[in-house]
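Topology and contacts: notes
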Amino acid sequence: MSISVQSCLIIGGGISGLIAANILQNKGKKVTILDKGRGIGGRLATRRIHHSEKITGVFDYGMQFFAVSDPLFQQWVDQWLLEGIVTEWSNQLMDTPTSGYRGQDSNRSLGQYLAKDLEVHLQTRAIAIKHHNSVWTVETEKGQQFQGESLIMTPPVPQSLTLLENSSISLPSSIKSKLEGVTYYPCISILALLEQVSFIASPGWLRPSHSSVAAIACNHKKDISPQGFAVTIHCTPEFSHSHWDIDEAVIAEKIFHEASHWLGSPVIDYQVHRWRYSHPKTVYGEAFLALEKPGLLVLAGDAFCERTASNVHLTLEKAVLSGIKAAHYVLNY
Ligand SMILES: Cc1cc2nc3c(=O)[nH]c(=O)nc-3n(C[C@H](O)[C@H](O)[C@H](O)COP(=O)(O)OP(=O)(O)OC[C@H]3O[C@@H](n4cnc5c(N)ncnc54)[C@H](O)[C@@H]3O)c2cc1C
């Protein structure tokens, strides 16, 4: 197989990989994204529960909404607003009146939009990487091989570290220990389809205090689930950690009991999703990590930033900025 000298492989089709891919492709690089997930977008995640012919719940069950503080990210968001890809959900979602944005149809639709002109291989888990004759080869679980001149890895840092270890790629010890210091909060998310509309007041977002529930979103009031009273419940990191290995039915029963006065309706269907890495607790301290040996390898994602976001709703911004800066590094290399 001949390798384009301008080719870049990206492991991870979350927002940081997608942003990097768009920048590189627009500058003439041949870009290939590999993602282990069934859908594009990573933690920009949306799922449907079909209950009956008339009832389908649509759930954003990863990121709920994002805020903007950086002018560079604002430029991207302004373009997405112009194109109708994102919309302002409300400016009443946080403690101060700040715009909280969501995908127009759902949060996954932002990932789908960013992926529309890219070569993306879904359900393609990278299990090893190697560098030989100036070319990176990524081997996948299904036995495929993808090759590229440069490689960007955007999974959560512990997953990238495992991949590097399994590939016998050694890192300078100071960098390795810095990467090992990156940690994330776990989050158990419960997708609950209700019989009646929830009691959560408009705009459909609540952050209880003194509860195992960190936040609840009413996807119906959020306007992404017209045919189903779909509610997403995010459990606190403490509850998620202590209930990680507990049976789903037990978790759901506890949380539905605790959330009953916000739900205000019987649950007719539900699913439980465990996010081992929901958002960073401790970060790497720089916008990306670039390694030049054995070949150009860049690590990026939401944990690559100077300090942990003061507010979880600025985490997506960190991932975007990391993707932008990683792409520019590769372009200027
Ligand atoms: C429950 C929850 C609530 C959140 N709430 C908010 C919020 O309100 N506001 C906000 O701004 N942010 C929020 N976030 C955080 C935000 O979603 C993330 O910061 C952002 O989406 C991370 O993007 P990323 O590209 O860095 O990583 P990801 O989206 O995780 O992308 C990494 C990708 O790598 C893929 N991958 C991993 N390993 C492999 C492999 N071996 N081979 C191939 N592919 C692989 C994964 O499938 C994934 O798609 C939330 C996240 C969660 C989970």
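Residues numbered from 1 in each chain as written. Predicted model: local features only at pLDDT ≥ 70, side-chain atom pairs only at ≥ 80, totals over all residues. Heavy atoms only, no water.

Concerning the overall build of the protein
Operational definition: Strands here are runs of E lasting at least two residues and helices are runs of H or I lasting at least four, both read from the DSSP assignment and numbered beginning at the N terminus. Our radius of gyration looks at C-alpha atoms and nothing else; its globule reference is 2.2 Å times the residue count to the power 0.38. Throughout, exposure labels follow a simple rule: accessible area from a 1.4 Å probe, protein chains only, divided by the maximum for the residue type, with under 20% read as buried, over 50% as exposed, and the rest as partly exposed. Any two residues whose heavy atoms approach within 4.5 Å are treated as being in contact. Neither His nor the chain ends is counted toward charge; the positive residues are Lys and Arg and the negative residues Asp and Glu. Where a charge lies is defined by one atom per residue type, namely NZ (Lys), CZ (Arg), CG (Asp) and CD (Glu).
Within the protein, the secondary structure is distributed over nine helices and 18 strands. Its C-alpha atoms give the protein a radius of gyration of 20 Å, within 12% of the compact-globule value 20 Å for 333 residues. Dimensions along the principal axes, computed over C-alpha positions, put the protein at roughly 60 × 45 × 40 Å. Within the span of the protein, comprising 333 residues, buried residues form 53% of the whole. Across the protein, contacts joining residues at least 24 apart in sequence account for 65% of those joining residues at least 6 apart. A gap of 3 Å separates the mean positions of the 28 positive and 30 negative side-chain charges of the protein.

Notes on the site of the ligand
The condition is simple: Residue proximity to a molecule or strand is established when one non-hydrogen atom of the residue lies within 4 Å of it. What qualifies as a polar contact is a pair of N or O atoms within 3.5 Å, subject to a donor-acceptor requirement within protein and to the restriction that residues adjacent in sequence count only when both atoms come from side chains. Domain start and stop points were drawn from an automatic or database domain assignment.
Around the ligand there are 37 residues in total, and Asp35, Arg43, Phe65, Asp302 and His313 lie nearest to it. Contacts to the ligand include Ser16, whose side-chain N or O atom sits 2.9 Å from an oxygen atom. Within the side chain of Asp302, one N or O atom sits 2.7 Å away from an oxygen atom of the ligand. Of all the elements in the fold, those that place two or more residues in the shell around the ligand are helix H1 (15-26), strand E12 (183-194), strand E16 (267-282) and helix H9 (315-332). Ranked by residues supplied to the shell around the ligand, first place goes to H9 with three residues. Counting contributing residues per domain, the shell around the ligand is built from domain 1 (7-38 + 122-182 + 284-332) and domain 2 (46-103 + 183-282), each supplying no fewer than three.

Looking at the environment of Ala217
With respect to the helices and strands, the residue Ala217 is situated in strand E14 (residues 213-218). What makes Ala217 buried here is its relative accessible area of 0%. Spatially, the C-alpha atoms of Ala217 and Asp60 are 8.6 Å apart, while their sequence positions differ by 157 residues. When residues no more than four places from it in sequence are discounted, the contact partners of Ala217 are Gln64, Trp89, Ile200, Gly204, Trp205, Ala230, Val231 and Thr232.

So, the nonpolar core
Defined as follows: Nine residue types can take part in a nonpolar core, namely buried Ala, Val, Leu, Ile, Met, Phe, Trp, Tyr and Cys, and a core is a set of them joined through side-chain atoms within 4.5 Å.
Membership of the largest hydrophobic core comes to 40 residues, with the highest contact counts inside it found for Ile10, Ile15, Phe66, Phe73, Trp80 and Leu110. Mapped by element, the contributors of at least two residues to this core are strand E1 (7-11), H1, strand E2 (30-34), helix H2 (71-82), helix H3 (108-115) and H9. Ranked by residue count, the leading element in this core is H9, at eight residues. Those residues within four positions of Phe73 in sequence are excluded, and the remaining contacts are Phe66, Ala67, Val68, Trp80, Leu316, Glu317, Val320 and Leu321. By size, the runner-up hydrophobic cluster in this structure holds 27 residues, among which are Val138, Leu163, Tyr284 and Leu297.

Examining the sheet that holds E12
Definition in use: Pairs of strands are assigned from DSSP output, requiring at least two bridges between the strands. Lines are fitted to the C-alpha atoms to define the axes, a helix being fitted only along its stretch in contact, and any angle between axes, read from their N-to-C directions, falls within 0 to 180 degrees.
Taken together, five strands build an open sheet; the order of strands is E13-E14-E15-E12-E16 and the sheet is antiparallel. Edge positions in the open sheet fall to strand E13 (205-206) and E16, since each of these has one partner strand only. As judged from the six bridges shared by E12 and strand E15 (residues 229-235), these two strands associate in the antiparallel manner. Its bridge partner being in E15, Leu194 is matched across the sheet by Phe229. Across the sheet, helix H7 (residues 248-258) touches E12, E14, E15 and E16, and the angle it forms with E16 is around 95°.

Things to note about the domain arrangement of the protein
Going by this rule: Buried area: the accessible area, evaluated with a 1.4 Å probe, that two parts lose upon being put together, summed over both parts. Salt bridges are defined by distance alone: a side-chain nitrogen of Lys or Arg within 4 Å of a carboxyl oxygen of Asp or Glu.
Looking at the protein, the domain boundaries give domain 1 (7-38 + 122-182 + 284-332) and domain 2 (46-103 + 183-282). For domain 1 and domain 2, the distance between their C-alpha centroids amounts to 27 Å. If you look at the interface, domain 1 gives 22 residues, while domain 2 gives 21 residues. A buried area of about 1,900 Å², summed over both sides, lies between domain 1 and domain 2, and 71% of it is on carbon and sulfur atoms. Across the domain 1-domain 2 interface, the total number found is zero salt bridges. Inspection of the domain 1/domain 2 interface yields seven residue pairs in polar contact (both at pLDDT 80 or more). Taken together, the elements giving at least two residues each to the side of domain 1 that touches domain 2 come down to H1, helix H4 (157-166) and H9.

Re H7
Spacing of three or four residues puts side chains on the same side of an α-helix, whose turn is 3.6 residues. Where we set the bar: Taking the helix axis as origin, the arc is that swept by the directions to the C-beta atoms.
Within H7, the full set of buried residues consists of Ile251, Ala252, Ile255 and Phe256. Axial view of H7: buried residues confined to an arc of 120°, hence all on one face. Structural note: H7 exposes Glu253 and His257 on the side pointing more than 90 degrees away from its buried face. Packed against the buried residues of H7 are E12, E14, E15, helix H6 (237-242), helix H8 (260-263) and E16.

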